[in-house]
Protein chains: 2
Amino acid sequence: MKTPFRNLADSQQYHILTTAMAEFSEHGYKAASTNRIVGAAGISKGLLYYYFENKEALYLSTAEFAYDHFTTHLLGRFMTEAEGFIERLARLSRIKHVYFTQHPEIARFVTHMYYAEGLLEAYQSKMQKLREWSLRAMYDNVDMTLFRTDIDRETAMKMIGWTFEGYIKEMEQYFEKEGIDFDQVDTYFEQFGGYLDTMRKLYYKEAGQ
Amino acid sequence: MKTPFRNLADSQQYHILTTAMAEFSEHGYKAASTNRIVGAAGISKGLLYYYFENKEALYLSTAEFAYDHFTTHLLGRFMTEAEGFIERLARLSRIKHVYFTQHPEIARFVTHMYYAEGLLEAYQSKMQKLREWSLRAMYDNVDMTLFRTDIDRETAMKMIGWTFEGYIKEMEQYFEKEGIDFDQVDTYFEQFGGYLDTMRKLYYKEAGQ
DNA sequence: GTCCTATTGACCAGCATGGTCAATAACTTT
DNA sequence: AAAGTTATTGACCATGCTGGTCAATAGGAC
């Protein structure tokens, strides 16, 4: 990253880096095309190489920006309150969902980084930290006594996690096909609440027991 | 597909087509490389174009072979017996798993076809049939009275489906990392049975009720 | 006018692509 | 053994895209 890029307005930096992220997430590092990036970003080829020394430097800047943005915007909101496992996952899902809709390119790119190999050696310790921290976000300060006692806790937690994954994936597919209807947003929340109730009925002790 | 290819021994046809499938599934139609295919298949470039008129014809032959193989090898085994929903999904999972380990390239390619767009217009009606048929395989002749009555059936079935998806995905990831230990295969089955028991405890009426 | 920075897009060599084709190897038939 | 037919090779080609360069120029500051 060269100084001219640093002198850019934040919004323009964000614009260029997120377009690069979209390209990198979709095609991976090698197959990503700088030509497509400049086309999508609306700048000339020359200007990109006036901002960055080469493709790799662009990727690394991109990765650093994404990592920093992700951690500063999410870590803060994840302070753990005491609550049941289902409520915890519900809260995390909502927070993630907000972030994914507000910064979709960054979110997609971070998941790409999470699984990518090769160029990222410099980031693997950071990723490791992220992994550990996301574990804490899931389990720290969770009230485990809510679970019914006749089924294994580990099993229950896995199944609950898969239920959230499945539900989120289904919603994503639905929105991708049908588009989000903002008048119906209440219905979506109701439906989500219904799933939560069902899960409580399945996995928690009966009330008052 | 030209006649010389038709005159080939079945095993050689299978070999070439499955190598092509691997390439197509991994990179998609456009990014797939005929050079890599001939390299992996151990034949010369010229020979490939002696067998097929061009890349598209190769893809179409590949798709047809995969579809036929998949349907003839799976549809037969899917006759529905009366059973609970959990047992049904467990049975389907086992059948699928066997097919995926015996014909991984075909299996991967069929899922690719299932989601791919563009070149497949000719196959979309076939895919539609496959979709309908897989629905029947899931729901036909299922004993719904086993479900406990205080939770919604649709919700329960979705959650059970997600549990299977999650478990299968986790197993795949585990095997990819650690490799399959054939001495431990009993443990895997035990573990799977444990999940089934838990699910029955969660979603079915208590015995004798 | 004179700097200095920002910005362009034509241009380059390199590489991989899908596809061709003359040469030849390997069988069959006579 | 000769002739004919089919299988098989790999060098070769035009094309298109790649990451990256650079002379030209536009814009603003002094």
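Going by what an unreviewed UniProt entry lists, chain A is known as TetR family transcriptional regulator and is assigned to Salinicoccus hispanicus.

Student: A description of helix α6 (residues 85-102) of chain B should follow, citing residues and the corresponding values.
Tutor: Residue and element names in this part refer to chain B. For α6, spanning 18 residues, the distance from its first C-alpha to its last is 26 Å, which sits close to the expected 26 Å at 1.5 Å a residue. For α6, the set of buried residues is Phe85, Ile86, Arg88, Leu89, Ala90, Arg91, Leu92, Ser93, Ile95 and Tyr99. At its buried positions, α6 is contacted by α5 (55-74), α7 (104-115), α8 (124-139), α9 (153-178) and α10 (185-203).

Student: Requested: an account of the interface of chain B and chain A, with residues and values cited.
Tutor: At the junction of the two partners, chain B supplies 19 residues and chain A supplies 19 residues. Taken together, both faces of the contact between chain B and chain A bury some 1,900 Å²; the carbon and sulfur share is 64%. Here glutamate 170 of chain B makes a salt bridge to lysine 158 of chain A, at a shortest N to O gap of 2.6 Å. On the surface where chain B and chain A come into contact, there are 4 residue pairs in polar contact (both at pLDDT 80 or more). Listed by contribution, the elements that provide at least two residues to the side of chain B that touches chain A are α9 and α10 of chain B. Among the elements that make up the side of chain B that touches chain A, the one with the highest residue count is α9 of chain B (10 residues). Of the residues belonging to the side of chain B that touches chain A, the class tally is 8 nonpolar, 4 polar and 7 charged.

Student: Hey, could you go over the side chain of threonine 62 of chain B for me, with residue numbers and the actual values?
Tutor: The residue threonine 62 of chain B is located in helix α5 in this model. Beyond its immediate sequence surroundings of up to four residues, threonine 62 of chain B is in contact with Leu17, Ala20, Met21, Phe24 and Phe109 of chain B.

Student: Quick rundown of the protein's contact with DNA strand C? Include the residues and the values.
Tutor: Around DNA strand C lies a shell of 16 residues, among which Tyr50 and Tyr51 of chain A together with Ala32, Thr34 and Lys55 of chain B are the nearest. Restricting attention to atoms of DNA strand C within 4 Å of the protein, one finds that 57% of them are sugar or phosphate atoms. Contacts to DNA strand C include tyrosine 50 of chain A, whose side-chain N or O atom sits 2.5 Å from a phosphate oxygen. Mapped by element, the contributors of at least two residues to the surface near DNA strand C are α4 (45-51) of chain A together with α3 (34-41) and α4 (45-51) of chain B. Considering each element in turn, the surface near DNA strand C owes the most residues, 4 residues, to α4 of chain A. Class assignment for the residues of the surface near DNA strand C results in 6 nonpolar, 7 polar and 3 charged.

Parameters and conventions
- Residues numbered from 1 in each chain as written.
- Chains lettered and ligands numbered in written order.
- Predicted model: local features only at pLDDT ≥ 70, side-chain atom pairs only at ≥ 80, totals over all residues.
- Heavy atoms only, no water.
- Helix = DSSP H or I, 4+ residues; strand = E, 2+ residues; numbered from the N terminus.
- Expected span 1.5 Å × (residues − 1).
- Buried < 20%, exposed > 50% of the residue type's maximum accessible area, 1.4 Å probe, protein only.
- Contact = heavy atoms within 4.5 Å.
- Buried area = accessible area lost by both parts, 1.4 Å probe.
- Salt bridge = Lys/Arg side-chain N within 4 Å of Asp/Glu carboxyl O.
- Polar contact = N/O pair within 3.5 Å; in protein donor to acceptor, adjacent residues only side chain to side chain.
- Nonpolar A, V, L, I, M, F, W, Y, C, P; charged D, E, K, R; others polar.
- Near = heavy atom within 4 Å.

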